[in-house]
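Commentary on secondary and tertiary structure
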Amino acid sequence: MAITYRDTHEFRKEELEDLFLSVEWSSGHFPEKLVVAMRNFETVYTAWDGDKLVGLICAMDDGIMTAYIHYLLVRPEYQGKGIGKELVEKMKATYADYLRIVLVAYNDECGFYESCGFKRETESSPMFITELWT
């Protein structure tokens with residue numbers, strides 16, 4: 001397995017649908033919207049096994065102070081091979097001059113992010129409004 005990494009914003013909807021549904025994320029049910037979203041993110045790094053999309057990380061930023069990692073996902077059969085950490089390292093290098101990189105993690109993911117250098121915030125909580133338009 002020779003994983004290659006790319007900085008790209010262009011995807012076929014099938015690539016994104018397959019990746020997102022492989023980790024059971026509901027976003028995968030909206031592949032056309034994902035294609036547009038990927039074009040609009042400031043930074044998108046991907047991991048590929050040949051022509052198969054196996055991982056992705058993307059971020060929004062304000063141009064100078066704060067970057068927000070929105071998605072990090074790696075196909076289940078490729079997890080535990082350092083791909084997620086490599087994608088995080090690429091993002092950290094891109095935003096090294098910023099004051100902070102922010103992300104929201106589920107509790108069972110916190111250990112991974114802590115191993116990448118992130119720290120839990122004890123004085124605040126993530127908040128959401130989630131609407132699924134059908």
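Here's what I pulled together on the structure shown here. Since this is a predicted model, take the numbers as computed values, not measurements. (Residues numbered from 1 in each chain as written. Predicted model: local features only at pLDDT ≥ 70, side-chain atom pairs only at ≥ 80, totals over all residues. Heavy atoms only, no water.)

**Brief notes about the overall build of the protein**
- Within the protein, the regular secondary structure consists of four helices and five strands.
- The order of α-helices and β-strands along the protein, N terminus first, is β-α-α-β-β-β-α-β-α.
- Taken over the C-alpha trace, the protein has a radius of gyration of 15 Å; the compact-globule value for 134 residues is 14 Å, and the two agree within 12%.
- When its C-alpha atoms are laid out on the principal axes, the protein stretches across 40 × 40 × 30 Å.
- Per-residue burial over the protein gives 36% buried out of 134 residues.
- Long-range contacts, defined as pairs at least 24 residues apart, comprise 61% of the intrachain contacts of the protein with a sequence gap of at least 6.
- Roughly 8,600 Å² of accessible area belongs to the protein as shown, and the carbon and sulfur atoms make up 50% of that amount. (Helix = DSSP H or I, 4+ residues; strand = E, 2+ residues; numbered from the N terminus. Rg over C-alpha atoms; globule rule 2.2 N^0.38 Å. Buried < 20%, exposed > 50% of the residue type's maximum accessible area, 1.4 Å probe, protein only. Contact = heavy atoms within 4.5 Å. Areas by Shrake-Rupley, 256 points an atom, 1.4 Å probe, with all protein chains shown as cover.)

**A closer look at the side chain of Thr-46**
- Relative to the helices and strands, Thr-46 is located in strand S2 (residues 43-49).
- Using a relative accessible area of 0% as the deciding quantity, one classes Thr-46 as buried.
- A distance of 2.6 Å separates a polar atom in the side chain of Thr-46 from a polar atom in the side chain of Trp-48.
- Discounting chain neighbours no more than four positions away, the residues touching Thr-46 are Thr-4, Tyr-5, Arg-6, Thr-8, Phe-11, Leu-53, Gly-55, Leu-56 and Leu-87. (Polar contact = N/O pair within 3.5 Å; in protein donor to acceptor, adjacent residues only side chain to side chain.)

**Here we look at the pattern of salt bridges**
- On inspection of all chains with the given rule, the structure shows 10 salt bridges.
- One salt bridge connects Glu-10 with Arg-39, and the closest N-O pair in it is separated by 3.4 Å. Placement of the pair is Glu-10 in the loop between strand S1 (3-7) and helix H1 (13-22) and Arg-39 in helix H2 (residues 31-40), with a sequence separation of 29 residues.
- Judged by its relative accessible area of 44%, Arg-39 is partly exposed.
- With a shortest N-O distance of 3.6 Å, Lys-90 and Glu-86 are connected by a salt bridge. (Salt bridge = Lys/Arg side-chain N within 4 Å of Asp/Glu carboxyl O.)

**Focus: the environment of Glu-15**
- Assignment of secondary structure puts Glu-15 in helix H1.
- Counting along the chain gives 37 residues from Glu-15 to Lys-52, while the straight-line C-alpha distance between them is 7.7 Å.
- Filtering out sequence-adjacent residues up to four positions away, Glu-15 remains in contact with Trp-48 and Leu-53.
- One polar contact links the side chain of Glu-15 to the main-chain amide nitrogen of Arg-12, over a distance of 2.9 Å.

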